[in-house]
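Each chain is listed here by its residues.
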Amino acid sequence: MITDMIEVFKTNVRSKQDAARIVKNLKEVMVASKINFDLEDCDKILRIERTSNAKNNYILRYMKQLGYNCEILE
């Protein structure tokens, strides 16, 4: 049985345009994943739901390359 994994990241993304661009680019790499931002949350949450193995290192590096802070929320 495949179970969904939900990873939650704290970011400093502020604009809806930036969030939409990031989601679009991440979905190109993680096709079967559900990806969204909650910019209303004080932690500017990036939420990723997937059934495959974690790609946390990729996500953290990608966000850093874009100039954003990003850390896994426990």
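Quick notes on the rules
- Residues numbered from 1 in each chain as written.
- Predicted model: local features only at pLDDT ≥ 70, side-chain atom pairs only at ≥ 80, totals over all residues.
- Heavy atoms only, no water.
- Helix = DSSP H or I, 4+ residues; strand = E, 2+ residues; numbered from the N terminus.
- Salt bridge = Lys/Arg side-chain N within 4 Å of Asp/Glu carboxyl O.
- Buried < 20%, exposed > 50% of the residue type's maximum accessible area, 1.4 Å probe, protein only.
- Contact = heavy atoms within 4.5 Å.
- Polar contact = N/O pair within 3.5 Å; in protein donor to acceptor, adjacent residues only side chain to side chain.

We now examine unusual backbone geometry. As a rule of thumb, non-glycine residues mostly have phi less than zero, and peptide bonds are mostly trans rather than cis. Despite not being glycine, lysine 44 shows a phi value in the positive range, around 45 degrees. Structurally, lysine 44 is set in the loop between β2 (34-38) and β3 (45-50).

In total, this model carries 3 salt bridges according to the counting rule given. We note a salt bridge from aspartate 18 to arginine 21, for which the minimum N-O separation is 3.4 Å. Residue aspartate 18 and its partner arginine 21 are both found in helix α1 (residues 16-29); the two are separated by 3 residues, about one turn of the helix. For aspartate 18, a relative accessible area of 23% corresponds to the partly exposed category. Classification of arginine 21 as partly exposed rests on a relative accessible area of 37%. Glutamate 28 is the salt-bridge partner of lysine 24, the closest N and O atoms lying 3.4 Å from each other. Of the two residues, lysine 24 and glutamate 28 both sit in helix α1, 4 residues apart, roughly one turn of that helix.

It is worth spelling out the environment of threonine 11 at this point. Within the fold, threonine 11 resides in strand β1 (residues 5-11). Given the relative accessible area of 6%, threonine 11 is considered buried. Along the sequence, threonine 11 and leucine 39 sit 28 residues apart, while their C-alpha atoms lie 9.2 Å from each other. In contact with threonine 11, other than residues within four places in its own chain, are Phe37, Asp43, Lys44, Leu46, Met63, Asn69 and Cys70. Side-chain polar atoms of threonine 11 contact the backbone nitrogen of valine 13, separated by 3.3 Å. A polar contact is formed between the side chain of threonine 11 and the backbone oxygen of lysine 44, at a distance of 2.5 Å.

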